[in-house]
Amino acid sequence: MQIIEIIVGIVLLIFAFLAIEAKKIINSVIYLSILSMLAVVSFVFMKAPDVAITEAVIGSGLVTAIFIFTLFSIKKVGDKK
Amino acid sequence: MMKRVIAALLILVLALFIYGNLYSTGEGKLFPKFGNVNLSERVSNKFINKNANGENGVVTYKETKDAESGSANMVTSIVVNYRSFDTLGEVTVLFVSALGVGLLLSGKSRMKFKTPPNFILKAGVRIIAGIILITGVYIFIHGHLTPGGGFPGGSMIASAVLLFYISDDEFRTKVKSFKFLEGTAGSLYLIFGLLGLTMGGYFLYNFLPTGVVGELFSAGIVPIIYIFVGLKVGSELSNLISDFLSEEGK
Amino acid sequence: MINPVLLIAIPLLFAFLSVMFKKADKGLLVLAVLFNVLAAFLLKETEVVIGGWKPPFGINLIADQYSIFGLIILNTVFALSVFSSFSSVKKYSTVLLVSLAALNGMMLTGDLFNLFVFLEIASISAYILSTMTKKFKGTFNYIILGALGSNLYLLGIIILYSTVGTLNMADMASKIHLVNNNVLLLALTFIFAGFAVEAKLMPFNGWVKGVYGNANDLSGGIFASAYATAAIMMFGRIFTNIFVLDGTLKTIFLTITVLTFILGEIAAFSQKNIRSTLAFSSVGQAGLIATLFLSGLSGVAMMQVANHALAKLVMFTIAGAMYVYAGTDNIEKLQGLFKKHKLIGFGFSVAALSLVGLPIFYGFYVKIFALSNLFKINSYWIPALILFSSLIEGIYYIRMLAKLWNPGEEGKESKDEYTTKLSLENTFAYAVLAVVVGLFILYISYNPEFITQGISNYLSNIAGGM
Amino acid sequence: MIQYLFIGLILIGIYGLLTQKNLIKLVVALNVLEVGVNLFIISTGYVKDGVAPILFKGVPSTNGTFVDPLPQALVLTAIVIGVGVTALALTVVRKIYEKHGTLNLDEMGSESDD
């Protein structure tokens, strides 16, 4: 169990780094969404179901949606940096 | 490139500073190691046993009656009972940021997506959105018994609205009615708080009987407040999405 | 007997109602502001708990001499600012109501996490208010720094919570000596960094020029007086009542605040626009007040808070009005403006001279008091540096006033052809504000007890007394 | 051990705030920082072999059974505040793009009037 938690933690770090260093903005947003989803897993490991549900709905659902809508509105989806 | 190196060095220094001090050993109380937490030294000890204002022994599910906070979910009893004032502030944060987004992006027409939604998406959304809506309502009504509560429940309602927006290019919520719901739910929260002030002498006082721990009609004003929170969060986030999808008029 | 919670609940209730009744929003704003001023003056020393839970477990609101003093200043300057710039309120009345509630909450709360929540509400309303002049880059800077600061503050209080197991301020103050020194160092550094953003202290004040320097009459007045008062008073509460610093940490923090004062004043010296001069002067003043708090001179610091809030209210409102109605706030382009608007010029000059601390003004009294006490408790470095920076401050303010009253080159006789063609509109409200506050500053210059009688307990701790 | 990783997440967030030039990337970095802070807060309340803080049949409420519920309540608040700030920041980003036509901080001119 411990090992799985630590693996999830390391993957979290990798995705955090990818989200910041990704070349395309859309990828960065997607990595952030994955990061959020992995955080949900971590919350469940740490016995915090309330937080996990909230993070799942708000963190990886709505926040991603508003990021994507912002990208739509500036019509830069897929553009380089 | 130079800037990155400097930033990386700065982060390294910060990391050494944090790791060196946080897990230091020596005199005085130390930061507890992961998992080795002694709850009896913390205030939350009293939140678990529901005896912040007096002793009442062990709390048992479906047996203990009239505990000071009758919610089976301890997080809920902290969020809407012991620290209800924080929740009021939290609702206000969403309120004011939704308001700010509305002030800045008050476009008249709706943003159109490049590819129009097809039939399957439309039909699917109608089925799924209903289920999500009902789940959201269930979650905030049962917030004091099961995981969840006003915030996830309200955001589920908002995500159902979001699905409608995606599936239908013409869809635009009746913003006015949502604004009205938002204002009403917020005002009712405060009015309940002021009712507690007049009836119990304390702002946000839990003036209803708390009942048996674990039953649907228990915990006094907790479920009622959570319903207000759910409705408010749902309408605020729906407004937020609708503002994000608006464009300057054509 | 007024329950202090009403100071928070009534503006918030009116904010929610103003969304439902769009047409009445300005009326609700006026009502709430008037109620808060009245309630702040009627408030008695008391402590209330929310929801009936005893303090370490529930949240309590503390109304002691310190917070009542802050509340009176805060609500008065907020009301004056709203009334004198009422034409700029427009759609922002709900945001103003929320920010009023949050600032009152910051002053009153007795819980560290609750303070975080109110800090966030206040700063989110500030982000929205700062978009009034459509200078979004400054706003974005403010959002990023503000969010970073509040996250650091949250991290700091969580480290303390998991070490001693409480979030209540009084409880924390009684248990803080138990904590291991290294853990305390880390937590206090985070908390200091978090507060430094809102209190405009050194490494985190990059947002100030973008936001203060682009404010209009309403947002400028509210930021520079109401927000500055609440932020610096909470800084004082945290670092004098709860965490009493000593040793290296105190030296480091004092160095930061003194540096903030000096560098702020030097930066202000080199500005060409009135609002950016005032912005950096605000940074410097925040450094000065924080220095006084950290040195243990709470009473003097509070007197300077009052002086600064009143002075900056007048100056920022007028500078914002110059931007709104004359289209610019460049000193060169506005020479001789006060010849056209003598009453406004009178209030502005009194405020500036009092802030500088010229003899016969209130600020002189405060500065002498501060310096004599600092000499008693400190080495000679801090008082000497404060004197030096006050000198810089004096030079640029007097230079600014000279230009605004006296067109033409410095030291020469004034020539009317240099007088600006620009002028202000809506002058009645600004003139009333300027005259009222100017006369009040003159009044307290000769009756300093008027301000200090409410905080006599705080002052009696200081050697020498009144 | 796992707490180290969460602090690492916070540090990566701060690194992003220091190095990135793109406005949306800055908001992303802010979110990474927030996720890190939230995870760290929850981890300070974790009790080894504890159960989720919800009363169920057969679970007596004694010390050591449950994990600390207070950090969870605080994180609920922090998550919602994070959404508010993110939404506002993205709105401002959109406004900046409308005005300056770029998302890169270096490519924008200054904002002063003179």
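Residues numbered from 1 in each chain as written. Chains lettered and ligands numbered in written order. Predicted model: local features only at pLDDT ≥ 70, side-chain atom pairs only at ≥ 80, totals over all residues. Heavy atoms only, no water.

Peer 1: What's the story with the overall build of chain D in this structure? I'm lost.
Peer 2: Tallying secondary structure elements over chain D gives 3 helices and 0 strands in all. When the elements of chain D are put in sequence order from the N terminus, they spell out α-α-α. Expressed as a percentage of its 114 residues, the buried residues of chain D come to 74%. Long-range contacts, defined as pairs at least 24 residues apart, comprise 48% of the intrachain contacts of chain D with a sequence gap of at least 6. (Helix = DSSP H or I, 4+ residues; strand = E, 2+ residues; numbered from the N terminus. Buried < 20%, exposed > 50% of the residue type's maximum accessible area, 1.4 Å probe, protein only. Contact = heavy atoms within 4.5 Å.)

Peer 1: I would appreciate a short explanation of the interface of chain B and chain D in the present structure.
Peer 2: Interfaces are often described in size by the accessible area the parts lose on coming together. Taken residue by residue, the interface counts 57 residues in chain B and 47 residues in chain D. Each partner contributes to the roughly 4,800 Å² buried at the junction of chain B and chain D, and carbon and sulfur atoms together form 71% of this total. There are 1 salt bridge connecting chain B and chain D. For the salt bridge of Arg-42 of chain B with Asp-68 of chain D, the shortest nitrogen-to-oxygen distance reads 2.7 Å. At the boundary of chain B with chain D, the tally comes to 8 residue pairs in polar contact (both at pLDDT 80 or more). At the level of secondary structure, the elements contributing two or more residues to the side of chain B that touches chain D comprise α1 (2-22), α2 (44-49), α3 (74-82), α4 (84-104), α8 (222-244) and β2 (246-247) of chain B. Among the residues forming the side of chain B that touches chain D, the class breakdown is 38 nonpolar, 10 polar and 9 charged. (Buried area = accessible area lost by both parts, 1.4 Å probe. Salt bridge = Lys/Arg side-chain N within 4 Å of Asp/Glu carboxyl O. Polar contact = N/O pair within 3.5 Å; in protein donor to acceptor, adjacent residues only side chain to side chain. Nonpolar A, V, L, I, M, F, W, Y, C, P; charged D, E, K, R; others polar.)

Peer 1: Please explain the packing of aromatic side chains as it appears in this structure.
Peer 2: Each aromatic ring pair is characterised by the separation of its centres together with the angle its planes make. Tallied over the entire structure, the rule returns 34 aromatic pairs over all chains. Relative to Phe-16 of chain C, the ring of Phe-95 of chain B lies with its centre 4.8 Å away and its plane at 80 degrees, an arrangement referred to as edge-to-face. With Phe-95 of chain B in helix α4 and Phe-16 of chain C in helix α1 (residues 5-20), this residue pair bridges two chains. Since its relative accessible area comes to 0%, Phe-95 of chain B is described here as buried. Residue classification places Phe-16 of chain C among the buried residues on the basis of a relative accessible area of 0%. A ring pair is formed by Phe-375 of chain C and Tyr-380 of chain C, whose centres lie 5.3 Å apart and whose planes are at 50 degrees; its orientation type is tilted. Positioned over the ring face of Tyr-323 of chain C is Arg-275 of chain C, at 4.0 Å from the centre of the ring. (Phe/Tyr/Trp six-rings, centres within 6.5 Å; stacked < 30°, edge-to-face > 60°. Lys NZ or Arg CZ within 6 Å of the ring centre and 35° of its normal.)

Peer 1: Please explain the interface of chain C and chain B as it appears in this structure.
Peer 2: Residue-level contacts link 56 residues of chain C with 54 residues of chain B. The largest per-residue losses of area from chain C upon contact with chain B belong to Phe-16, Trp-53 and Phe-57 of chain C, which jointly make up 17% of the total buried on that side. For the pair chain C and chain B, the interface holds 1 salt bridge. Where chain C meets chain B, there are 10 residue pairs in polar contact (both at pLDDT 80 or more). Listing elements by their share of the side of chain C that touches chain B, those giving two or more residues are α1, α4 (93-108), α5 (112-129), α6 (136-164) and α8 (181-199) of chain C. Among the elements that line the side of chain C that touches chain B, the one with the most residues is α1 of chain C, at 11 residues. Looking at the side of chain C that touches chain B residue by residue, the class counts come to 38 nonpolar, 15 polar and 3 charged.

Peer 1: Can you help me understand the packing of helix α2 (residues 25-42) of chain C against helix α3 (residues 65-84) of chain C in this one?
Peer 2: When two helices pack together, you describe them by how their axes are tilted relative to each other and by the distance separating the axes. Residues and elements named next belong to chain C. In the contact formed by α2 and α3, the axes pass within 9 Å of each other and the chain directions differ by 150 degrees. The orientation of α2 relative to α3 falls into the category roughly antiparallel. Considering only the axes of α2 and α3, their crossing is left-handed. Contacts from Leu-29, Val-30, Val-33, Leu-34, Asn-36, Val-37, Ala-40 and Phe-41 of α2 reach α3 at Ile-68, Leu-71, Ile-72, Asn-75, Thr-76, Phe-78, Ala-79, Val-82 and Phe-83. Taken together, the residues that form the contact of α2 with α3 break down as 14 nonpolar, 3 polar and no charged. (Axes fitted to C-alpha atoms, helices over the stretch in contact; angles between N-to-C directions. Parallel < 35°, antiparallel > 145°, perpendicular 65-115°, else oblique. Left-handed = near helix turned anticlockwise from the far one by under 90°.)

Peer 1: Got a minute to help me understand unusual backbone geometry in this structure?
Peer 2: Working note: non-glycine residues mostly have negative phi, and peptide bonds are mostly trans. Residues and elements named next belong to chain C. Even without being glycine, Lys-90 reaches a positive phi, approximately 45 degrees. Tracing the backbone through its elements, the reader meets Lys-90 in the loop between α3 and α4. Residue classification places Lys-90 among the exposed residues on the basis of a relative accessible area of 56%. Of note in the backbone geometry, Lys-134 takes a positive phi value of approximately 60 degrees without being a glycine. Within the secondary structure, Lys-134 sits in the loop between α5 and α6. On the basis of relative accessibility, which here comes to 48%, the residue Lys-134 falls in the partly exposed class.

Peer 1: What am I meant to see in a nonpolar patch on the surface here?
Peer 2: Residue and element names in this part refer to chain B. The grouping of Met-1, Val-5, Leu-9, Leu-12 and Leu-16 at the surface amounts to a nonpolar patch, some 570 Å² of accessible area in total. With respect to the helices and strands, Met-1 occurs in the segment before α1. The class of Met-1 is exposed, set by a relative accessible area of 76%. (Patch = residues over 30% accessible without salt bridge, like charges linked within 9 Å, V, L, I, M, F, W, Y side chains within 5 Å. Areas by Shrake-Rupley, 256 points an atom, 1.4 Å probe, with all protein chains shown as cover.)

Peer 1: Which parts of the structure should I look at to understand the confidence of the model for chain D?
Peer 2: Detailed reading of the predicted coordinates is not advisable wherever pLDDT is low. Of all residues in chain D, 89% attain a pLDDT of 70 or more, and the chain-wide mean is 84. Interface confidence for the predicted complex, expressed as ipTM, amounts to 0.92; the pTM equals 0.92. (pLDDT = per-residue confidence, 0-100.)

Peer 1: Looking at this model, I keep getting lost on the arrangement of the chains. Mind explaining?
Peer 2: No other pair of the 5 pairs of chains in contact has as many contacts as chains B and C. In this view chain A stays clear of chain C, with the nearest C-alpha atoms of the two still 15 Å from each other.

Peer 1: I'm lost on the nonpolar core in this one. Help?
Peer 2: For soluble globular proteins, nonpolar side chains are generally found buried alongside one another. Membership of the largest hydrophobic core comes to 342 residues, with the highest contact counts inside it found for Phe-85 and Phe-203 of chain B, Tyr-212, Ile-238 and Ile-274 of chain C together with Phe-40 of chain D. Once you skip the residues sitting within four places of it in the chain, Phe-40 of chain D turns out to touch Leu-22 and Phe-31 of chain B, Leu-155, Ile-158 and Ile-159 of chain C together with Gln-3, Phe-6, Ile-7 and Ile-10 of chain D. (Core = buried A, V, L, I, M, F, W, Y, C linked by side-chain atoms within 4.5 Å.)

Peer 1: I'm lost on α8 of chain C in this one. Help?
Peer 2: Given 3.6 residues per helical turn, the α-helix brings residues three or four places apart onto the same face. All names here are of chain C. For α8, spanning 19 residues, the distance from its first C-alpha to its last is 25 Å, which sits close to the expected 27 Å at 1.5 Å a residue. For α8, the tally of buried residues reaches 15 of 19 residues, placing the bulk of the element in the interior. Just downstream of α8, Lys-200 is the residue with a positive phi angle, here 65 degrees. (Expected span 1.5 Å × (residues − 1).)

Peer 1: I tried to follow the environment of Val-350 of chain C on my own but got confused; where do I start?
Peer 2: All names here are of chain C. Here Val-350 shows up in helix α15 (residues 342-356). Each C-alpha atom of the pair Val-350 and Val-436 lies 11 Å from the other, and the pair is 86 residues apart in sequence. In contact with Val-350, other than residues within four places in its own chain, are Phe-361, Gly-438, Ile-441 and Leu-442.

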